[in-house]
Every structure is written in structure tokens, then in C-alpha cells.
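As a plain string of letters, each chain reads:
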There are 2 protein chains.
Amino acid sequence: MTTHIRISEVGPRDGLQSISRVMSTDAKKAWIAAEAAAGVTEIEVGSFVPPSLLPQMADTAEIVAFAKTLPGLDVAVLVPNLKGAERAIKAGAHKMSIPFSMSESHSIRNVRKDHAAMVEQIAAIAAMVAALPEGQRPHFEVGLSTAFGCTIEGPIPDDQIVRLAEQAIAAGAAEVCLSDTTGYANPAQVRRLVRAVKAAVGADRLNTLHLHNTRGLGLANVVAGLEEGITTFDSSMGGLGGCPFAPGASGNIVTEDLVFMLEAMGLHTGIDIARLGDVRQIIADALPGEPLYGFVPDAGVPLGFERVAA
Amino acid sequence: MTTHIRISEVGPRDGLQSISRVMSTDAKKAWIAAEAAAGVTEIEVGSFVPPSLLPQMADTAEIVAFAKTLPGLDVAVLVPNLKGAERAIKAGAHKMSIPFSMSESHSIRNVRKDHAAMVEQIAAIAAMVAALPEGQRPHFEVGLSTAFGCTIEGPIPDDQIVRLAEQAIAAGAAEVCLSDTTGYANPAQVRRLVRAVKAAVGADRLNTLHLHNTRGLGLANVVAGLEEGITTFDSSMGGLGGCPFAPGASGNIVTEDLVFMLEAMGLHTGIDIARLGDVRQIIADALPGEPLYGFVPDAGVPLGFERVAA
């Protein structure tokens, strides 16, 4: 088991896109700056979707430009398609992820593309990235969404996920990520699927899990992921967010609780957990009345716990 | 990893003792009967503490007598001392547990006994059990409370826990249990401590973890326990409860979520998760307005999940 674990904060994208209110651009900047200052080294700051669909994300290009001024921060964005990827490249994002739903019904309902059309999109984006001068190429990740089950189709066969992961890598993605869009994952399944996908595409092509806490198993699934060599976990401050296209499937794992667990286990996140309290306050002030989740923010850290990561 | 896992429901004791309201004897019986009917095979039904201290537990002898009529149910009780153990034996409990705080400060504050005095109590109870005719001896367990840290002392050294566990077994306890009274445990610590205590007292003398979800790590700690051969987990319906003597340390892990996780992982609890909903309703009706926790009761089980355990 590695001792350094990266947290990729997805709240400014996955969190904000799931609520109807629009956070002001200034508040987003304050959030991102404070969280980077607390030691978070990767933040998904927004999504290049049409502003008509998600007005919360209309300022993503401005947010990317701002986030790139923060030292040591990898600036990630979500892109739904080739058009979004063009905008991400133009904005200069360090990393872009496209969701690729393992459930074909969910993919068609969500982005009106079947699996073959999605693989074509991935190939087109990968080609666009490859054509850029070296040093200007964003890291291109494919998020294998609904990998642990779908609210329309139910369980997705492991071999279907493995096959689609292979197709994504063959199409030119640098990396895949397993996403529990629906909060269906359990620890045994996480171990099994991480192992299968790593075996198929290469261990270094799957480093990240995107987990939800819909059924309370988020951190249990992290433990399983750690034991299978996962080194990056997506999470959201205050558990803000979820997938608006998967009914009933809300709730990213909570950054505060995740950092506490990893640090308590003796792993290193580089994140100062006390300073995450300041970040949480910025979000609470900017979205008054919006529910924020998490256990550690209420209970505090244990007596004798070292608050500052080494 | 074994495939059959036992859930020991502690709500009627740990849950009810932590709230100020008194559940009626009839409601307790309805709860216990419904949960046994759902497939739970061990329930801690009450505590033989002085009724002046915990009026919620005044009817424990009557509840034990009732619970013993339920087929296939192991009826457990908590006993704080020799006097309580006498009452438990008289009532005919199948199992009795005495809390033994690994933090000497907590032990003195809680039951006014230092470690040496507690080991004497354990030895006296064990001798009383041994003197009973065969077939009438309750299973005598020592709960190593505050094992994962104490709100007064902070971390407790592993070697202190191992030494006290050895003393409890040497004094005649059949078994020890590791209890995260304060909700301080993390998965790495669970693995380390289970391994150390099993190595010291024998693998078959530590089968149970009593975990809290105070910091959201309860199910993550279950995963670590499973991987170290733990076969019984305490939990509470709706997460009712906690330890009234450890400030800020509330919240047993939630039976509903635990059963879901284990069954989803392909382990067998023998519990019908749909019928746990009926049990929850009995508790909600008997304690209107009392907070009940859990994710699965809100989110439901995933589409395609087999609800009835094999």
C-alpha cells in the first residue's frame, strides 16, 4: 500500500451541478483558493457543458484561468463531448475527464449516445489532444460511470466494464477512473472490479475511484480501493453533490471525513484538516441553508489526533 | 474470510440507555420479537444496572424472560459488576458482557474501579459462572471498551490493551470484544489491534467488534475487521445510542446499513433486510421524534439487489 494518497476535490463541479442555486464566481474562487491552500492538489473546478443546461457552470473558463494561478494545483474539468474538450483545451485545463456510462441505457438517456458513439467521441478527443504541442496536452481521463450499477439497468456485468475500459484506452485515453455514480458499490465489488480493470488495461491506467456515499458505504469502499492500489479518490467538501441524471443517487463522499480517515490510518494526503473547516465555512456562507454533510466536522478529531499532515 | 457473519443487535441496551426517554416494556418486546423474526440471532436486550441509574433498563429481567421464548435467539445482557452478573444469571441470560475500560481514567470515572479492581470483578464473575451446573452457564464476554482511544486519555497503547485482554482471559472470561466506545477507530488501527489481541489470547477468543460511527468510519472499520477474521459485529437499529459516559461519543453503527453491506459483499447474515424496515417502524412509533439514522433506509437497496438473504 502506498503512503501518499491524493484527494481530488470535485465539489465545485459535481457538488454545484447537483443543486439548483448558482454559486457566485467570487465564492467559487474563494473556495478553490482556500482548499488549495489547505493542501489539496487537484480540484475539478467546473464543467464545459452548455450554460443553457447547467448555468452553475457558465463561468468555468474564468474559474480555470483563476485556478491555474494557484501554485501546485492541478486544475481539472469535466467535458461531456468533443465540443466541451475544445473549450477545456482553450481554457488551458491541466486535466479533463469525460463520463462514459457503462450502462448503455443511461448513456443514451444522459448524453444521447450509445457506447459506439461514445468511443468515437473519446477517440476524437484523444486525437485532438495528441495533435497539440507537447506541454500543452491536458491529461485525458475517461470516467467509467455507473460502473457499480445503474438505476435503469441494475447491475452491469464486469466483463462489459472491462471491455469498455479497454476500448477507452485503445481510443487514446491516458487513464480510466471507476465511478460509483449511483452509490451502489460495495467493498467486495470494488476490489473485484479494480483488480479486473487494472489487469486488462495496465495497473497504471486506473488510479482513481469516484465514490458516492448514498448508502453509507463510501469510506468502506475507499478501504477496499486502497488495498487494490488506488492512489486517488474523488470527494466533495461537505458531501455536496451527486449525479443529477441518476435519480436518488446523490452524495459524493465527504472530503473532510475522507482526509480524516486516511490521515488516521497513517497515510499522507498533505492536507491540513483544520484548514478544511475554513473551506467549509466559505461554502456555508456562499450557499446559506444548503445541507452540508460529514461526521468529522460535527464530532471533531479524536483527542491526541495530529491535525496537520506531514 | 468466512461467509457467515453474525449481527448482534445492541439497540435495546446501548441505544435505549443513551436516550432519556423510557421505551415501554411492550414496545421493547415487539422490537425484539420483530428483529428476531427478521433473522437476527443475537440481541443484547438490556442491562443489569441499578434502576436508579438507568430507569430505561428496569425491566431487563422481564425482557430476558420474554426474549428466551423466541426460537433461535441468543439473549445477551450487559452487566456492570458482580451484582449485575448475579441478576443476569438468575434471569437466565444466554450471554453476559462486562465493559472493561482500557483507559484507567475512564474506568475510574465510569464505574469507580481501577484496572486491578476490574480484573478482580471479572475473576469473581467467571468463578460464579464456573460454579454453575453445566448447561446453565452463560457465555461470559469482556468488552474492552475505549480500546481505540479515550476522550480523557486520548490514544491507549496497543500493548496495554493486549496485556489487559490477556488478564481478562486469564481471569476466566470466555471471550473478549474490542469496543470503539468513542468512535475513534480507523481501519488500520482495527487491523493492527485485532491481529495483536488475537495473537495474544488466541484467535477464537476475539470474534466480535463493537464499533461506533461517530466519525463516519464505522463500516470502513467493519471491512478491516472482516479481513482479520472478525465474525460478529454489534450494531443498533437506526443507529440509536452510544455511550453516555464518553462525551461526544454517540452512534452505534446502523444495523440496516451493516446488513446491506455484508449481504451486498456476498456474505450471509441470515437477515431479511426488507423486514428490518418493519422493526424500524416499531421503534419510530414507540419513540416519536427520536432521531433514527442510516443511509439504506432512505436510499433503498440498489436495483437488482437480492433482498432476502440465502
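Above this text you will find the structure in question.
Sequence order sets the numbering: in each chain, residues are counted from 1 along the sequence as written. Chains carry letters and ligands carry numbers; both start at the beginning, A for chains and 1 for ligands, and go up in the order they are written. Only residues with pLDDT of 70 or above have their local features reported here, since the model is predicted, and side-chain atom pairs are shown and tallied only from 80 upward, although totals for entire chains, interfaces and linings are computed over all residues.

**Remarks on the interface of chain B and chain A**
We call two residues in contact when the distance between their C-beta atoms, placed using the backbone, is within 7 Å. On the chain A side, the residues contacting the 32 residues of chain B number 32 residues. For the side of chain B that touches chain A, the elements supplying multiple residues, two or more each, are α8 (187–201), α9 (218–227), α10 (255–264) and α12 (296–299) of chain B. Classes in brief: Ala, Val, Leu, Ile, Met, Phe, Trp, Tyr, Cys and Pro nonpolar; Asp, Glu, Lys and Arg charged; the others, Gly included, polar. For the side of chain B that touches chain A, the class distribution of residues is 19 nonpolar, eleven polar and two charged. Counting from the N terminus, the helices are DSSP H or I runs at least four residues long and the strands are E runs at least two residues long.

**Comments concerning the nonpolar core**
By our criterion, buried Ala, Val, Leu, Ile, Met, Phe, Trp, Tyr and Cys residues that link up through C-beta atoms within 7 Å make up a nonpolar core. Think of it as a crowd count around each C-beta: if 20 or more other C-beta atoms lie within 10 Å the residue is buried, if 12 or fewer it is exposed, and in between it is partly exposed, with C-beta placed from the backbone throughout. By size, the foremost hydrophobic cluster in this structure holds 187 residues, and its most contacted members are Leu144(A), Val176(A), Leu144(B) and Val176(B). Sequence-distant contacts of Val176(A), defined by excluding residues within four places in its chain, comprise Glu141(A), Val142(A), Leu144(A), Ala165(A), Ala168(A), Ile169(A), Val197(A), Val201(A), Arg205(A) and Leu206(A).

**Observations regarding helix α4 (residues 82–91) of chain B**
Residues and elements named next belong to chain B. All of the buried residues along α4 are Gly84, Ala85, Ala88, Ile89 and Ala91. Seen end-on, α4 carries its buried residues on one side only, within an arc spanning 160°. Residues of α4 that are buried in the fold lie against α3 (60–67), β3 (74–78), β4 (95–101) and α6 (115–130). Here the arc refers to the directions that run from the helix axis out to each C-beta atom.

**What to know about α6(B)**
All names here are of chain B. The end-to-end C-alpha separation of α6 is 22 Å, in line with the 22 Å expected for 16 residues at 1.5 Å each. Looking only at α6, the buried set comprises Met118, Gln121, Ile122, Ile125, Ala126 and Val129. With its buried residues spanning 130° around the axis, α6 presents them on a single face. For α6, the exposed residues set more than 90 degrees away from the buried face come down to Ala116, Ala127 and Ala130. Where the residues of α6 are buried, they touch α4, β4, α5 (104–111), β5 (139–145) and α7 (158–170). Expected span, for any helix, means 1.5 Å times one less than how many residues it has.

**Some words on the relation of the copies chain B and chain A**
Least-squares superposition of the copies uses the C-alpha atoms of those residues scoring a pLDDT of at least 70 in each of them. Superposing chain B onto chain A takes a rotation of 180° plus a shift of 0.0 Å along the axis, which leaves an RMSD of 0.0 Å. Such a turn and shift between the copies fits a two-fold axis. Minimal C-alpha separation from the rotation axis in chain B is found for Ala220(B), amounting to 1.8 Å. Taken as a fraction of all interface residues of chain B, those also at the interface in chain A reach 100%, which identifies the copy contact as same-surface.

**Some words on the sheet that holds strand β1 (residues 6–9) of chain A**
Residue and element names in this part refer to chain A. Around the barrel, which closes on itself, the eight strands sit in the order β1-β2-β3-β4-β5-β6-β7-β8 with parallel pairing between neighbours. Averaged over all pairs of adjacent strands, the angle between strand axes in this sheet comes to 30°, irrespective of strand direction. Of the strand pairs in this sheet, strand β3 (residues 74–78) and strand β4 (residues 95–101) are connected by three bridges, and their pairing is parallel. Within β4, the position partnered with alanine 76 by the bridge is lysine 95. Between any two strands, at least two bridges found by DSSP are needed for them to pair. Throughout, an axis means a line fitted to C-alpha atoms (over the contacting stretch in the case of helices), and angles, computed between N-to-C directions, take values from 0 to 180 degrees.

Read these as spatial facts, not as claims about activity.
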